[in-house]
Amino acid sequence: MDGQECVELFYTRNSRALSEAAEQYGTYCKSVALNILRSEPDAEECVNDALMRAWENIPPDRPDSLKAYLGSITRNLALDRLRASRAGKRGAGSEPLPIDELSDLAPSELNVESELELSELRQRLNAFVGSLDPESRAIFVRRYWYMQEIAEIAEQCGIGKSKVKMRLLRTRSKLREYLKKEGYDL
Amino acid sequence: MKNERDIMALLDDSYILEAEPVQRKQRKRKHRFSVAAAAVAACLGMTAITAGAVTIMNRNSTEFFYDSQAEEILESKGLMVSETQTSKHFEITLDTVLADDYVCRAMLTARPLDDTAKSFVEACLANNNGRVFDVCTKDGDGNRILSSDLYYPDSNGDLVIVVESAFDYFFNQSKASEGIELTFTSPMVSGLSFKYYPKKNLESKTVKYSDDITFYVSPIELATVGTSEEAVDKVGFRWSTFMWKEGGLDRFLESVGISREEYDKQMKRNKWFESRLVMLGKYWNAEKNTSLGGSGIGFYPEGHMELMPEGYTDFVGEGRFVRVFWFGALIDLDDIEGIIYGLEEIPF
């Protein structure tokens, strides 16, 4: 069963949608959650929550890629869960996430409630990512979307950790310059 | 945006799918235990103890990971730290910190203090891919250092923790002098932290292999050092071992619990037996080709796993790239007079 057939199951409110989605994309979603939460039980709960969220949102949502859709929900839920567990804790349990390295690249004046502003930023971000060479793009996305460790990225890309770090540093610098040039106040 | 200030939440699906990482289960990563593996390790541990001189209840991580003589050797060199901290459920002792020019290995023993702690360890080893605690290592400025934290259940119920870090361009020797803050953040041991200084405390030897490649040996690792990443990667690793001085091989075999007869028998079957023993240590099972510890090799209790060394080439500054391979045994440099790379002898 491909992703679109599975989406149809969601649309027709067929409960098989959940088991099919879990079977096909559960491992993928769990790896996304695990990179963030670093806990198997938490990651598994997160995947279950993501599937339920998809059940609630499809329809009206109709994702082109169910895999990416579930992955995105999982990532958001995992981040929410991590933030909630960190709330009230200072010091212990508050190691930075890879994504924190990008915190100074979110436009300070951006209205996150404005679909128009978000749409413009989305367009520019993706144009930038699309302009990167394939290796730099893979490293950037694996680090900041998948939240992989530097060593894992280095191993999977077959390059040294220092090279990964340098690539990320350069890409962040380029993104900063690009967003500034596009008129964003960082 | 779902997550405020998370601009990556705006990324297109195509880029997300394009960059999907390889699933971890495909990787030959460091020591991860399954229940079966833990049981086998426990048996191996018992075997080692039978041959050794120290009672099972008192051993620490150095004895578990290396051999019964390791503590004495490290003690004589002033390398045992023996700093203990206690939480409600665990007593954790930082046994030793071993550092050379390129790597640092901190070895700890965690002792469960009650049934809750024991059950916690068992559950983690069974269900959590071998991971027990959350460990964070940071340099003196609070920047996170990439480290591997590895867990081995001892047969007496203790847990051996080995935290391995490699120096690189960012975390270099001058940063190391400011120390490493190792913090446990798991609820069972939350708040326990150790500060240690991974200043070089091990002797080392080097030998030139070619114009741009040098081999570096310390008691805990072999490093390939070169002036370009490509050159270092090209040399890679060919199951190196040592040119032993008289008596050196026998002392090494004793440390890994192998008799000379068994060694001779195995060497007739496999010319790389000795080099695997160096890299994988006393827990290597030649028949099953599985191991615990050593150069980035996982413990695979089932089936045949072709053991290959794993390493990363890192830029360490000053025009040097380094590829590191950990030893599964504690090598006495006084016992060796050179290395054997592939089948080529290269004296110091």
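You'll find the structure just up there.
On a predicted model such as this, the values are computed, not experimentally measured, just so you know.

**Brief notes about the overall build of chain B**
Next up, step 1: Across its full length, chain B carries 10 helices and 16 strands.
Next up, step 2: Look at the contacts in chain B between residues 6 or more apart in sequence, and 60% of them connect residues 24 or more apart.
Next up, step 3: Just so you have it, chain B exposes about 14700 Å², and 49% of that area is on carbon and sulfur atoms.

**Re a nonpolar patch on the surface**
Next up, step 1: A grouping of Met166(A), Leu169(A), Tyr169(B) and Phe170(B) is seen on the molecular surface, where their side chains present a nonpolar patch of about 350 Å² in accessible area.
Next up, step 2: Summarising the element assignment, Leu169(A) is placed in helix H8 (residues 161-181).
Next up, step 3: Note on Leu169(A): relative accessible area 40%, which makes it partly exposed.

**Remarks on the packing of helix H5 (residues 115-131) of chain A against H8(A)**
Residues and elements named next belong to chain A.
Next up, step 1: Between H5 and H8, the least distance of the axes is 11 Å, while the angle of their chain directions is 140 degrees. Classified by the angle between their axes, H5 and H8 sit oblique to one another. For the crossing formed where H5 meets H8, the hand is right-handed. In contact with Leu 121, Arg 124, Leu 125, Ala 127 and Phe 128 of H5, H8 contributes Thr 171, Lys 174, Leu 175, Tyr 178 and Leu 179.
Next up, step 2: Per-class residue counts for the contact of H5 with H8 are 7 nonpolar, 1 polar and 2 charged.

**Quick word on the pairing of strand S2 (residues 90-99) of chain B**
Residues and elements named next belong to chain B.
Next up, step 1: With respect to burial, S2 is a largely interior element, 9 of its 10 residues being buried.
Next up, step 2: Examined bridge by bridge, strand S1 (residues 80-86) and S2 share 5 bridges and lie antiparallel to one another. Directly across from Gln 85, in S2, lies its bridge partner Ile 92.
Next up, step 3: In this sheet, strand S3 (residues 103-112) lies alongside S2 in antiparallel orientation, the contact comprising 9 bridges. When the bridges of S3 are listed, Thr 93 appears paired with Thr 109.
Next up, step 4: Hairpin remark: S2 followed by S3, antiparallel, with 3 residues in the connecting loop.

**A short note on the side chain of Asp335(B)**
Residue and element names in this part refer to chain B.
Next up, step 1: Within the element layout of this structure, Asp 335 appears in the loop between strand S14 (320-326) and strand S15 (336-341).
Next up, step 2: The class for Asp 335 is buried, based on a relative accessible area of 7%.
Next up, step 3: Those residues within four positions of Asp 335 in sequence are excluded, and the remaining contacts are Met 243, Trp 244, Lys 245, Gly 248 and Arg 251.

**Regarding helix H2 (residues 16-37) of chain A**
Next up, step 1: At Tyr25(A), H2(A) shows its largest kink, close to 65 degrees.
Next up, step 2: Positioned one or two residues after H2(A), Arg38(A) has a phi angle of 55 degrees, which is positive.

**Let's talk about the environment of Leu121(A)**
Next up, step 1: As for its position among the elements, Leu121(A) is in helix H5.
Next up, step 2: Measuring from C-alpha to C-alpha, the distance between Leu121(A) and Glu182(A) comes to 9.6 Å, with 61 residues separating the pair along the chain.

**Remarks on the pattern of salt bridges**
Next up, step 1: Under the defined criterion, the tally for this structure stands at 23 salt bridges over all chains.
Next up, step 2: The salt bridge partner of Arg251(B) is Asp335(B), with a shortest N-O separation of 2.6 Å. Here Arg251(B), found in helix H8 (residues 248-255), pairs with Asp335(B), found in the loop between S14 and S15; they are 84 residues apart in sequence, far enough to count as distant.
Next up, step 3: The network of salt bridges with shared partners includes Asp42(A), Glu45(A), Asp49(A) and Arg81(A).

**Side note on the sheet that holds strand S9 (residues 205-210) of chain B**
All names here are of chain B.
Next up, step 1: Spatial strand order, S9-S10-S11-S14-S13: 5 strands in an open sheet with antiparallel pairing. At either end of the open sheet lies a strand with only one pairing partner, and these are S9 and strand S13 (313-317). Sheet twist, expressed as the average angle between the axes of neighbouring strands with direction ignored, equals 30 degrees.
Next up, step 2: Sheet analysis places strand S10 (residues 213-217) next to strand S11 (residues 221-226), joined by 5 bridges and oriented antiparallel. Pairing of Tyr 216 across the sheet is with Ala 223, part of S11.

**Considering the sheet that holds S15(B)**
Residue and element names in this part refer to chain B.
Next up, step 1: Spatially, S12-S15-S16 is the arrangement adopted by the 3 strands of the open sheet, whose pairing is antiparallel. In the strand order of this sheet, the two ends are held by strand S12 (241-244) and strand S16 (344-347), each with one partner. Each adjacent strand pair in this sheet contributes to an overall mean axis angle of 35 degrees, direction not counted.

**As for the packing of aromatic side chains**
Next up, step 1: Scanning the entire structure with this criterion turns up 21 aromatic pairs over all chains.
Next up, step 2: When the centroid spacing of 5.6 Å and the interplanar angle of 40 degrees are considered together, the rings of Phe65(B) and Tyr152(B) count as tilted. Linking Phe65(B) in helix H3 (residues 61-65) with Tyr152(B) in strand S5 (residues 147-153), this pair joins segments that are 87 residues apart in sequence.
Next up, step 3: Judged by relative accessible area, which is 4%, Phe65(B) ranks as buried.
Next up, step 4: Directly above the ring of Tyr11(A) sits Arg62(A), whose terminal nitrogen or CZ lies 3.8 Å from the centroid.

**Quick notes on the interface of chain B and chain A**
One frequently used descriptor of interface size is the decrease in accessible area upon assembly of the parts.
Next up, step 1: Listed per partner, the contact involves 45 residues of chain B and 60 residues of chain A.
Next up, step 2: With both sides pooled, the region where chain B packs onto chain A buries about 4800 Å², and carbon together with sulfur makes up 56% of that total.
Next up, step 3: Of all residues in chain B, Ile7(B), Met8(B) and Leu10(B) give up the largest surface area on contact with chain A, accounting jointly for 14% of the area buried on that side.
Next up, step 4: Counting every contact that joins chain B to chain A gives 3 salt bridges.

What counts and what doesn't
Residues numbered from 1 in each chain as written. Chains lettered and ligands numbered in written order. Predicted model: local features only at pLDDT ≥ 70, side-chain atom pairs only at ≥ 80, totals over all residues. Heavy atoms only, no water. Helix = DSSP H or I, 4+ residues; strand = E, 2+ residues; numbered from the N terminus. Contact = heavy atoms within 4.5 Å. Areas by Shrake-Rupley, 256 points an atom, 1.4 Å probe, with all protein chains shown as cover. Patch = residues over 30% accessible without salt bridge, like charges linked within 9 Å, V, L, I, M, F, W, Y side chains within 5 Å. Salt bridge = Lys/Arg side-chain N within 4 Å of Asp/Glu carboxyl O. Buried < 20%, exposed > 50% of the residue type's maximum accessible area, 1.4 Å probe, protein only. Axes fitted to C-alpha atoms, helices over the stretch in contact; angles between N-to-C directions. Parallel < 35°, antiparallel > 145°, perpendicular 65-115°, else oblique. Left-handed = near helix turned anticlockwise from the far one by under 90°. Nonpolar A, V, L, I, M, F, W, Y, C, P; charged D, E, K, R; others polar. Pairing = 2+ DSSP bridges. Bend = angle between axes of the 7 residues up to and from the residue. Phe/Tyr/Trp six-rings, centres within 6.5 Å; stacked < 30°, edge-to-face > 60°. Lys NZ or Arg CZ within 6 Å of the ring centre and 35° of its normal. Buried area = accessible area lost by both parts, 1.4 Å probe.

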